[in-house]
Amino acid sequence: MPITQEELARRLRAAREARHLTQEDVAGHLGVSRSTVAQMELGKRAVSSLELDALAYLYGRDVRELLAEEFREEDGLFALFRLHPEVSKDENFQTALRQTMALGREITNLERLLKIERDRPPLPVYPVRPPQTRGEAVQQGEQAAEDERRRLELGNAPLPDLAQLLESQGVRTAQLPLPDDVSGLTLFDPEIGPFVVINNRAPGHSRLRCRFSYAHEYCHVLFDRQQKAAISRTSQNTNLLEVRANAFAAAFLMPAKGVQEFVHRLGKGRPSRVQTEVFNEEEALRVEARPQPGSQAIQMHDAVLLADYFGVSRLAALYRLKNLDVLSQRELEALKQQEEEGEGRKLATLLGLAKPDDEASRAEFRHRFLALAVEAFRRDEITRSKLRELAEMLGALPEELEDILSLGDSARERAGDGLGVSE
């Protein structure tokens, strides 16, 4: 049964207040007066379909939610604004959040139209108290990383694609431009489910950094579901929940045993003095061996190989070696200086290793989203204009859009559907 104008007015007011927006803010976005917005929220003025679309996008909601018989006043963004009220003052972040929620809902709707069943296995629960010290935060993160690797039967090998891994656990993922200070965010939306978004455009946010961010946000999914939202800012890396998530990410990507095994295969990381006993059926002879001086020291090329093997940045690899006591503080500082001077990059190039800013990986979400849109168009589940709208949401250039539309048209021709698609 359609809702009344008064009920719609109440929902619009609740949605606005949940985003910490004033009527003046909304009026500015709509290009109307504040009194017009007030009349809408009092139920004394009808809201056109175009205005409703604009308001839904502004509030990060779906139009269907606003018109449904039942209305949830609390969604994923509600929790985020409650925990981080400062976000309401950051217009760039507000814009990023609106785009995030719109894309999350659109991809959810595309999967629904295409009847794609998403497995949502129950996520494990880690019943631990919030960490009280950095040491406790690190211990919780590393233990959870070890437990998750065991639960997922990952062993000590490098992790596969992190987005696919999270998706297999029922966590929706996306890579979108976010403010420079934000490496990622995690939302728990009733419609979308657990939703991890990482920044793929911040300075220095390479493919390898994206992998670390995915692992970092996965920790928030595992530990911080009761909060319903989390924002990971580089300026807040001393926050204990962020310390825990960073420790989890490092241990999840580079398990202690896996790192030790790799280092040993390089002939490094052995004790400086090895003692053993040789038995000849009558007596044991104690033998002591010392490696050649300097042969056990980790060099820059070792760190480069380790980083490439586990798919992490060279700095992340260096800090992991330090935390596992493979490197001393002095050795860490010396290798960090070499990295800052460009030695690591030069060695990676000479060794023919993958570049960390590989664009193919960074565009994965974009390609996946557009592929679903084209398939929905091919099946007549969305119109040509809707396909165009979805492509433009991801910033597709006009020539890219024409290629996408041509792909959709050719697919429809092959299927014998014809071109009778309404605009």
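Residues numbered from 1 in each chain as written. Predicted model: local features only at pLDDT ≥ 70, side-chain atom pairs only at ≥ 80, totals over all residues. Heavy atoms only, no water.

## What to know about the sheet that holds strand β3 (residues 193-199)
We apply this condition: DSSP bridges decide pairing: two strands pair if at least two such bridges lie between them. Comment: elements are numbered from the N terminus, with helices defined as DSSP H or I runs of at least four residues and strands as E runs of at least two. All axes here are fitted lines through C-alpha atoms, helices being fitted over the stretch that makes contact, and every angle between N-to-C directions spans 0 to 180 degrees. Contacts are assigned to residue pairs with any non-hydrogen atoms lying within 4.5 Å of each other.
Read from one edge of the open sheet, four strands run β1-β3-β2-β4, paired in mixed fashion. Edge positions in the sheet fall to β1 (172-176) and β4 (229-233), since each has one partner strand and no second. For this sheet, the mean angle separating the axes of adjacent strands, direction not counted, is 10 degrees. Where β1 and β3 come together, five bridges link them in parallel fashion. Residue Ala 174 lies in a different strand from β3, and its bridge partner there is Val 197. Of the strands in this sheet, β1, β2 (182-189), β3 and β4 touch helix α10 (residues 207-223), which is tilted by about 35 degrees from β2.

## Structural notes on empty space enclosed by the protein
Worth spelling out the cut-off: Residues are said to line a cavity or pocket when one of their atoms sits within 4 Å of a point; the points come from a 1 Å grid over protein atoms alone, cavities being sets where a 1.4 Å probe fits but cannot get out and pockets being open sets with protein on both sides within 12 Å along at least five of seven lines. Grid points are joined across faces, edges and corners, and a volume is the space filled by probe spheres set on the points. Three classes are used: nonpolar for Ala, Val, Leu, Ile, Met, Phe, Trp, Tyr, Cys and Pro, charged for Asp, Glu, Lys and Arg, and polar for all others, with Gly counted as polar.
By the definition in use, this model includes one cavity of 30 Å³ or more. The space that makes up the largest cavity amounts to roughly 40 Å³. Taken together, Leu 12, Val 26, Val 37, Met 40, Glu 41, Leu 55 and Tyr 59 make up the lining of the largest cavity. With three residues, the top contributor of residues to the lining of the largest cavity is helix α3 (residues 34-42). Counted by class, the lining of the largest cavity contains six nonpolar, no polar and one charged residues.

## What to know about the environment of Pro 160
Inclusion rule: Burial classification: accessible surface area is computed with a 1.4 Å probe over protein chains only, and a residue below 20% of its type maximum counts as buried, one above 50% as exposed, and the rest as partly exposed.
Summarising the element assignment, Pro 160 is placed in the loop between α8 (134-151) and α9 (162-168). Pro 160 sits in the partly exposed class, given a relative accessible area of 44%. Taking the C-alpha atoms as reference points, Pro 160 and Gly 311, separated by 151 residues in sequence, lie 9.1 Å from one another.

## Notes on the confidence of the model for the protein chain
Segments scoring low in pLDDT should not have their predicted coordinates read at a detailed level. The condition is simple: Each residue carries a pLDDT score, the predictor's confidence in it, ranging from 0 to 100.
On average, the protein chain scores 85 in pLDDT, and the residues at 70 or more come to 85%. For residues 418-423, every residue scores under 50 in pLDDT, and the model assigns this stretch 15 contacts once sequence neighbours within four places are set aside.

## A few points about the side chain of Asp 62
Along the chain, the position of Asp 62 falls in the loop between α4 (49-58) and α5 (63-67). Take Asp 62: its relative accessible area is 11%, and that puts it in the buried class. Asp 62 has contacts with Ala 56, Arg 105 and Glu 191, leaving out every residue within four places of it along the chain.

## Here's the deal with the nonpolar core
Formally: Definition used in this section: a nonpolar core is a set of buried Ala, Val, Leu, Ile, Met, Phe, Trp, Tyr and Cys residues joined via side-chain atoms within 4.5 Å.
Tyr 218 and Phe 252 are the most contacted members of the largest nonpolar core, which totals 52 residues. Sort the elements by how many residues they give to this core and α10 lands first, with nine residues. Among residues more than four places away in sequence, those in contact with Tyr 218 are Leu 123, Glu 148, Arg 151, Leu 152, Leu 166, Gln 169, Phe 248 and Phe 252.

## Some thoughts on the packing of aromatic side chains
A ring pair, where both rings are aromatic, is described by two values, the distance of the centres and the angle of the planes. How we decide: Stacked, edge-to-face and tilted are the three classes for Phe, Tyr and Trp ring pairs, Trp counted by its six-membered ring, which pair at centre distances within 6.5 Å; planes under 30 degrees apart are stacked, over 60 edge-to-face, the rest tilted. Only lysine NZ and arginine CZ atoms are considered, and such an atom sits over a ring when it is within 6 Å of the ring centre and within 35 degrees of the ring normal.
Across all of its chains, the model carries six aromatic pairs by this definition. For the ring pair Phe 248 and Phe 252, a centre distance of 5.0 Å and an interplane angle of 25 degrees mean the geometry is stacked. Here Phe 252 and Phe 248 lie together in helix α11 (residues 240-253), a separation of four residues that amounts to about one turn. In this pair, the class of Phe 248 matches that of Phe 252, namely buried. An aromatic cluster is defined as three or more aromatic residues linked by ring pairs; in this entry it consists of Tyr 218, Phe 248 and Phe 252. Lying across the ring of Phe 252, Arg 149 places its NZ or CZ 6.0 Å from the centre. Stacked on the ring of Tyr 309, the Lys or Arg Arg 265 has its end atom at 5.7 Å from the ring centre.

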